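Examining the three-dimensional arrangement
Here is what each chain is made of, one letter per residue.
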Amino acid sequence: MADKTSFTKDEWSLLLKSPMIAGMAITAADPSGLWGLLKESFAGGAALTQAATDSSTNALVKAVVADFSTGEGRTAARDGMKAEFAGGKPADIKTKSVDSLRQVSALLAAKAPGDAAAFKAWLREISQHTAEAAMEGGSLFGGGVQVSDAEKATLSEISSALGV
């Protein structure tokens with residue numbers, strides 16, 4: 001079982017940011033206004049909460065969630081996200097996010113092969129929940145679709161990057 005001590009500081013930071021990156025890739029693929037952004041952000045937070053409380057959650061996922069729940073962990077993740085994505089346009093953010101998830105996949109394969117499948121599936125699940133969190137292309141009074149074509153394409157890219 002891999003844990004925080006199995007990774008360098010930079011590698012752990014990448015794993016710590018990865019749940020946010022998985023959601024951000026979807027949000028950047030088809031920005032849906034303030035209300036949609038909030039719903040999509042909450043979807044990622046809900047995934048962290050669920051992982052923390054589910055007894056069947058993979059140990060490495062639990063370690064990332066536990067570290068993220070500390071002030072130090074949240075600060076490290078937030079600062080890493082700012083450094084990597086600040087000022088980026090949505091298309092650039094989506095591309096960088098998918099590339100980062102590809103790096104996560106390679107890191108897991110190299111340093112945590114026993115945990116890799118469960119961790120990557122968790123990240124893919126976060127992306128899916130984020131895509132389903134807000135209606136796309138509608139108006140304040142309804143309409144639109146649950147998952148837009150751009151989000152579907154990004155989900156496919158994420159699956160490919162993660163190898164799931």
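This structure is a prediction, so every number in the text was calculated from the model and none was measured. Chains are numbered independently. Their residues run from 1 in the order of the written sequence. Totals for whole chains, interfaces and linings use all residues, but because this is a predicted model, local features are given only for residues with pLDDT of at least 70 and pairs of side-chain atoms are given and counted only at 80 or more. Computation of side-chain values: all heavy atoms of the structure, hydrogens and water removed.

1. Topic: the environment of Leu16
Heads up, the rule is: Each helix is a run of H or I in the DSSP string that is no shorter than four residues. Each strand is a run of E no shorter than two, and both are numbered from the N terminus. In this scheme, a residue with accessible area under 20% of its type's maximum is buried, one over 50% is exposed, and one in between is partly exposed, where area comes from a 1.4 Å probe on protein chains only. By definition in these notes, contact holds between two residues if any of their heavy atoms fall within 4.5 Å.
Mapped onto the secondary structure, Leu16 falls in helix α1 (residues 9–29). Leu16 gets classed as buried once you look at its relative accessible area, which sits at 2%. Placed 137 residues apart in sequence, Leu16 and Ala153 show a C-alpha to C-alpha distance of 25 Å. Not counting the four nearest positions on each side in its chain, Leu16 is found in contact with Val64, Asp67, Phe68, Gly73, Ala76 and Ala77.

2. What to know about the packing of aromatic side chains
Formally: Two aromatic rings from Phe, Tyr or Trp, using only the six-membered ring of Trp, form a pair when their centres are within 6.5 Å; if the ring planes differ by under 30 degrees the pair is stacked, by over 60 it is edge-to-face, and anything between is tilted.
According to the stated counting rule, one finds two aromatic pairs in the structure shown. Plain terms: the ring middles of Phe7 and Trp12 are 6.0 Å apart, the flat faces sit at 40 degrees to each other, and that makes the pair tilted. Under the relative-accessibility criterion, Phe7 is labelled buried at 8%. Judged by its relative accessible area of 4%, Trp12 is buried. Centroid distance Phe119 to Trp122: 5.4 Å. Interplanar angle 75 degrees. Geometry classified as edge-to-face. You can see Phe119 and its partner Trp122 sitting in helix α6 (residues 113–132), three residues apart, about one turn around the helix.

3. Looking at a nonpolar patch on the surface
Condition: Patches draw on residues past 30% relative accessible area with no salt bridge. Two like charges within 9 Å are joined, as are two nonpolar side chains (Val, Leu, Ile, Met, Phe, Trp, Tyr) within 5 Å. Each accessible area value is a Shrake-Rupley result obtained with a 1.4 Å probe; residue values ignore everything except the protein chains displayed when judging cover. In the sections that follow, a salt bridge refers to a side-chain nitrogen of Lys or Arg positioned within 4 Å of a carboxyl oxygen of Asp or Glu.
Together, Leu34, Trp35, Leu37, Leu38 and Phe42 line one region of the surface with nonpolar side chains, adding up to about 590 Å² of accessible area. For Leu38, the location among the structural elements is in helix α2 (residues 33–53). Residue classification places Leu38 among the partly exposed residues on the basis of a relative accessible area of 35%.

Just distances and angles here, no functional claims.
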